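Here is what each chain is made of, one letter per residue.
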Amino acid sequence: EMIVHLFNGNTYEFMDNQFTFKDTQVTNRENIEYLANRLVVNGIGANQFGPEQTLTRAQFAVMVNRALNFEASKQTAFADIQGGWYEKDIQALYEKGIIKGVSDTKFNPNGHLTREQVAVMMTRILDYIAYPTAHLKTGAAYQDHHQISSYAKDSALILKNLNIMSGVNNTF
């Protein structure tokens, strides 16, 4: 680990981590280990990643915020995350408009994450960084696009057109 303090007050930390997981497939191992080596994902212990396990809303929020490194500046309004290991990450993403609760006072941190929710959160990140996406809302949709909830249709198509998210045999 190397930490560099610059004259303008910024600090940069460089790490050389070498995580490997025994339970990842060859097709996704490189991407997973890339994120692990940058401390975005942790795995479930003992060189296990748990790729077949269901991801929760809290777990995904923490991974996204580790990558973006946002900080919360307010107390959370979500009663079900107060005091949780994920509270600050969820609140930081909420303040930036990247995630929302299932109501004004509930986030449902242990709820299972859906592909639709991931797609919407990912496009909110694109919106946050002002990445132009309007032209990506057209083109060949997934074959099962009629099964995608209306709130996620544009997001699914945008991520498909950017090759960020893909399905199997052109299905979402």
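Further up the page is the structure itself.
Owing to the predicted nature of the structure, the values given are computational and were not obtained by experimental measurement.

So, how was this worked out
- Residues numbered from 1 in each chain as written.
- Predicted model: local features only at pLDDT ≥ 70, side-chain atom pairs only at ≥ 80, totals over all residues.
- Heavy atoms only, no water.
- Helix = DSSP H or I, 4+ residues; strand = E, 2+ residues; numbered from the N terminus.
- Expected span 1.5 Å × (residues − 1).
- Contact = heavy atoms within 4.5 Å.
- Axes fitted to C-alpha atoms, helices over the stretch in contact; angles between N-to-C directions.
- Parallel < 35°, antiparallel > 145°, perpendicular 65-115°, else oblique.
- Left-handed = near helix turned anticlockwise from the far one by under 90°.
- Phe/Tyr/Trp six-rings, centres within 6.5 Å; stacked < 30°, edge-to-face > 60°.
- Buried < 20%, exposed > 50% of the residue type's maximum accessible area, 1.4 Å probe, protein only.
- Lys NZ or Arg CZ within 6 Å of the ring centre and 35° of its normal.
- Core = buried A, V, L, I, M, F, W, Y, C linked by side-chain atoms within 4.5 Å.
- Polar contact = N/O pair within 3.5 Å; in protein donor to acceptor, adjacent residues only side chain to side chain.
- Nonpolar A, V, L, I, M, F, W, Y, C, P; charged D, E, K, R; others polar.

Peer 1: A description of unusual backbone geometry should follow, citing residues and the corresponding values.
Peer 2: Phi is positive for Ala130, close to 60°, though the residue is something other than glycine. Relative to the assigned elements, Ala130 resides in the loop between α4 (115-128) and α5 (153-161). We note that Asn170 has phi near 60°; this positive angle belongs to a residue other than glycine.

Peer 1: Describe in detail helix α2 (residues 57-68), supporting the description with residues and values.
Peer 2: Taking 1.5 Å as the rise per residue, α2 with twelve residues should run 16 Å; its terminal C-alpha atoms sit 16 Å apart, in good agreement. Where α2 is buried, its residues contact α3 (87-95) and α4.

Peer 1: Go over the packing of α4 against α5, please, and point to the residues and values.
Peer 2: One can describe the packing of α4 onto α5 by two numbers: an axis separation of 8 Å at closest approach and a directional angle of 70°. Our classification of the angle between α4 and α5 gives roughly perpendicular. In this structure, α4 meets α5 at a crossing whose hand is left-handed. Judged by residue contacts, Ala119, Val120, Met122, Thr123 and Leu126 of α4 engage Ser155, Ala156, Ile158 and Leu159 from α5.

Peer 1: Describe the environment of Ile125, listing the residues and the values that go with them.
Peer 2: Topologically, Ile125 is positioned in helix α4. Sequence separation of Ile125 and Ile99 is 26 residues, and the distance between their C-alpha atoms is 9.3 Å.

Peer 1: Lay out the packing of aromatic side chains in plain terms, naming residues and giving numbers.
Peer 2: Following the criterion strictly, the structure yields five aromatic pairs and no others. For the ring pair Trp85 and Tyr86, a centre distance of 5.1 Å and an interplane angle of 70° mean the geometry is edge-to-face. Overall, the relative accessible area of 10% leaves Tyr86 in the buried class. Grouped by ring-pair contacts, the aromatic residues Phe78, Tyr94 and Phe107 constitute a single cluster. When the ring centre of Phe107 is taken as reference, the NZ or CZ atom of Arg57 above it lies at 4.2 Å. The lysine or arginine in question, Lys96, covers the ring of Phe70, its NZ or CZ lying 5.2 Å from the ring centre.

Peer 1: A description of the nonpolar core should follow, citing residues and the corresponding values.
Peer 2: Formed by 32 residues in total, the largest nonpolar core has its most connected members in Phe60, Ile90, Leu93, Ile99, Met165 and Phe172. Listed by contribution, the elements that provide at least two residues to this core are α2, α3, α4 and α5. Leaving out residues up to four positions away in the same chain, Leu93 has contacts with Ala61, Val64, Asn65, Leu68, Phe70, Ile98 and Ile99.

Peer 1: Lay out the environment of Asp80 with the relevant residues and their values.
Peer 2: Residue placement: Asp80 occurs in the loop between α2 and α3. Along the sequence, Asp80 and Phe107 sit 27 residues apart, while their C-alpha atoms lie 6.5 Å from each other. Those residues within four positions of Asp80 in sequence are excluded, and the remaining contacts are Tyr86, Thr105, Lys106, Phe107, Asn108 and Pro109. Of the polar contacts made by the side chain of Asp80, one reaches the backbone nitrogen of Asn108; its length is 2.6 Å.

Peer 1: Run through the packing of α2 against α4, naming residues and quoting values.
Peer 2: As a packed pair, α2 and α4 sit with axes 12 Å apart at the nearest point and diverge in direction by 20°. Taken together, the axes of α2 and α4 lie roughly parallel to each other. Relative to α4, the crossing made by α2 is right-handed. Contacts between α2 and α4 involve Arg57, Phe60, Val64 and Leu68 on the former and, on the latter, Gln117, Val118, Met121, Met122 and Ile125. Among the residues forming the contact of α2 with α4, the class breakdown is seven nonpolar, one polar and one charged.

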